[in-house]
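# Notes for the structure review
Residues per chain are reported as follows:
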Amino acid sequence: MDYQDIIKDWKQKKFKSLYWLEGDEDFFIDQVTNYAEHHLLDESEKGFNLTILYGKETSWSAVINACRRYPMFAERQVVVLKEAQAMKDILKLEAYIDKPLESTIFVVAHKQGKIDGRSKMAKLIKDRGVLLSTKKMYDNQLPAWIDAYVSGLGRAISQKAGILLVDHIGNDLSRMANEIDKLLVNLAPEKKIDESDIEKYVGISKEFNVFELQNAIGQKDMGKVMRIVQYFAANPKAGPIQMVLPALYNFFSKMSQIFGVKGGEKEIAAALGVHPFFVKDYMAAARQYGVEGTEKAILLLHNYNLRSIGINDSGVEDGELMKELIYKIMN
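Keep in mind that this is a model prediction, so the values were computed, not measured. (Residues numbered from 1 in each chain as written. Predicted model: local features only at pLDDT ≥ 70, side-chain atom pairs only at ≥ 80, totals over all residues. Heavy atoms only, no water.)

Further remarks concern the overall build of the protein chain. Check the secondary structure of the protein chain and you find 16 helices and 5 strands. If you line up the protein chain on its principal axes, its C-alpha atoms span 75 × 45 × 45 Å. Looking at the protein chain as a whole, 46% of its 331 residues are labelled buried. In the protein chain, the share of contacts with a sequence separation of at least 24, taken over all contacts with a separation of at least 6, comes to 74%. (Helix = DSSP H or I, 4+ residues; strand = E, 2+ residues; numbered from the N terminus. Buried < 20%, exposed > 50% of the residue type's maximum accessible area, 1.4 Å probe, protein only. Contact = heavy atoms within 4.5 Å.)

Further remarks concern the nonpolar core. For soluble globular proteins, nonpolar side chains are generally found buried alongside one another. Counting residues in each nonpolar core, the largest one holds 44 residues, and the members touching the most others are W10, W145, I146, L165, I193 and I198. Ignoring sequence-local partners within four residues, the contact set of W145 consists of F27, F28, M137, L173, M176 and A177. Core analysis: the second largest hydrophobic core is formed by 39 residues, V210, F252, M255 and I298 among them. (Core = buried A, V, L, I, M, F, W, Y, C linked by side-chain atoms within 4.5 Å.)

Moving on: helix 11 (residues 210-218). The α-helix advances 3.6 residues per turn, and as a result positions three or four apart in sequence lie on the same side. Where burial is concerned, most of helix 11 is hidden: 9 out of the 9 residues are buried. Within helix 11, burial applies to V210, F211, E212, L213, Q214, N215, A216, I217 and G218. Looking at the buried residues of helix 11, the elements they touch are helix 8 (159-169), helix 12 (222-234), helix 13 (241-258), helix 15 (276-308) and helix 16 (318-330). For helix 11, the N-terminal capping position is held by N209, with its side-chain oxygen 3.0 Å away from the main-chain nitrogen of F211. (Polar contact = N/O pair within 3.5 Å; in protein donor to acceptor, adjacent residues only side chain to side chain.)

Once that is clear, we can look at the packing of helix 13 against helix 16. Between helix 13 and helix 16, the least distance of the axes is 11 Å, while the angle of their chain directions is 15°. On the basis of their axis angle, the class for helix 13 and helix 16 is roughly parallel. In this structure, helix 13 crosses over helix 16, and the sense of that crossing is left-handed. Contacts between helix 13 and helix 16 involve I241, Q242, V244, L245 and F252 from the first element and D318, L321, M322, L325 and I329 from the second. Classifying every residue of the contact of helix 13 with helix 16 by side-chain character gives 8 nonpolar, 1 polar and 1 charged. (Axes fitted to C-alpha atoms, helices over the stretch in contact; angles between N-to-C directions. Parallel < 35°, antiparallel > 145°, perpendicular 65-115°, else oblique. Left-handed = near helix turned anticlockwise from the far one by under 90°. Nonpolar A, V, L, I, M, F, W, Y, C, P; charged D, E, K, R; others polar.)

Before going further, it helps to spend a moment on the pairing of strand 1 (residues 18-23). Across the 6 residues of strand 1, 6 count as buried, placing the element largely inside the fold. Here strand 1 shows no split at all, with L18, W20 and E22 on one side and Y19, L21 and G23 on the other all buried. As paired strands, strand 1 and strand 4 (residues 104-111) are joined by 6 bridges and run parallel to one another. Bridged to L18 within strand 4 is F106. Pairing of strand 1 with strand 5 (residues 130-134) involves 4 bridges; the strand directions are parallel. Residue W20 lies in a different strand from strand 5, and its bridge partner there is L131. (Pairing = 2+ DSSP bridges.)

Now for a nonpolar patch on the surface. A contiguous nonpolar surface patch, about 390 Å² in accessible area, is contributed by F48, M72 and F73. Take M72: it is sitting in the loop between helix 4 (60-68) and strand 3 (77-82). Given the relative accessible area of 39%, M72 is considered partly exposed. (Patch = residues over 30% accessible without salt bridge, like charges linked within 9 Å, V, L, I, M, F, W, Y side chains within 5 Å. Areas by Shrake-Rupley, 256 points an atom, 1.4 Å probe, with all protein chains shown as cover. Salt bridge = Lys/Arg side-chain N within 4 Å of Asp/Glu carboxyl O.)

Turning to the environment of L300, a few remarks are in order. Within the secondary structure, L300 is located in helix 15. Spatially, the C-alpha atoms of L300 and L325 are 7.0 Å apart, while their sequence positions differ by 25 residues. Not counting residues within four places of it along the chain, the set of residues in contact with L300 comprises L325, K328 and I329.

Interaxial distance between helix 14 (residues 265-272) and helix 15 falls to 9 Å at its minimum, and their mutual angle equals 100°. When the axis of helix 14 is compared with that of helix 15, the two are roughly perpendicular. Counting all contacts with helix 14, which are made through E265, I268, A269 and L272, the residues of helix 15 involved are P276, V279, K280, Y282 and M283. Per-class residue counts for the contact of helix 14 with helix 15 are 7 nonpolar, no polar and 2 charged.

What follows is about helix 10 (residues 195-202). Where helix 10 is concerned, the buried positions are D197, I198 and V202. Mapping the buried residues of helix 10 onto a view down its axis gives an arc of 100°, with all of them on the same face. On its buried face, helix 10 is in contact with helix 8 and helix 9 (173-186). The opening residue of helix 10, the one whose side-chain oxygen lies 3.1 Å from the backbone nitrogen of S196, is D194. Phi turns positive one or two residues past the end of helix 10, at G203, with a value near 90°. (Arc of directions from axis to C-beta.)

The next subject is the pattern of salt bridges. Oppositely charged side chains are able to pair whenever their charged atoms sit close together. Considering all chains together, one arrives at 16 salt bridges under this definition. Here K191 and D197 are joined by a salt bridge, their closest N and O atoms 2.7 Å apart. Among the ionic contacts, a cluster of salt bridges with common partners joins K160, E212 and K224.

Looking now at the packing of aromatic side chains. Two measures describe an aromatic ring pair: the distance that separates the ring centres and the angle between the ring planes. Tallied over the full model, the rule gives 16 aromatic pairs. Taking the centre distance of 5.8 Å and the plane angle of 70° together, the rings of F27 and F28 count as edge-to-face. Between F27 and W145 the ring centres are 5.4 Å apart and the planes differ by 85°, which places this aromatic pair in the edge-to-face class. Placement of F27 in helix 2 (residues 26-39) and of W145 in helix 7 (residues 142-152) is noted, with a sequence separation of 118 residues between them. Residue F27 is classed as buried on the basis of its relative accessible area of 4%. An aromatic cluster is present here, built from Y3, F27, F28, W145 and Y149 joined pairwise through their rings. (Phe/Tyr/Trp six-rings, centres within 6.5 Å; stacked < 30°, edge-to-face > 60°.)

Laid out in structure tokens, this is it:
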């Protein structure tokens, strides 16, 4: 079940006795726990019927005792166990999960992993309640997620603006959502988010960023490349070498896969694990560099990454190191 399905059920007053939220993507887990904490009960009911517990600070017996209480002046009570992964003897919750109280909505937030799927409790969770198992999104899924998140708020975002956010933030969905929320606060209700808004409110230059550098290198546009590198040298926080080199290494590594793919853009997108929007850029770059040039770039990036952390290097400034690397890649 998707996290949105759980919240949709709750809005329709459809409840289960147990919701077990686990996995590596905190954002989805936080969305459900926040809704449970703030919206399942009326304000007048929360004082007696909302219990928030933390795994590191509580015991399994205290959790069970809280869940076995009956609601006061309300149809149900809500018990939320946060940071469940830090609780000792968590498997002892099995006794309650086997026979949960119908008047209790028990929400467990178990982040940074999952309980052993072979355990008896894992089987009970699936039989007695709702299991939400989350995982980090792949980079090629992020543009669609951003579009859906913004659309869900009744707003719109340009494709380029979404790509800038992905390039800058990566797959940290909590941070991504926070940045989008901040953006929308500053924009008129009818305003579509574009690259200028990203530059103004998030602090990402629409011209001088890793995504634009990657494209310029792919096109062998030396003039544009050097303008971006010089900007990074003058503004180290905008493009630190520790962020740029892995991004370029990933770019050329994906590009190298194109030479072994049979088929068109659809097959290449699937093989590379990227959004179809990017495929033409990868294909154009592959034609520019060929197999030999791509392999040369990957080797150079590996060597210069070592130099950037002080191995086989005599203390060259990051900006100069970057210029030297890119000149060798493109020639």
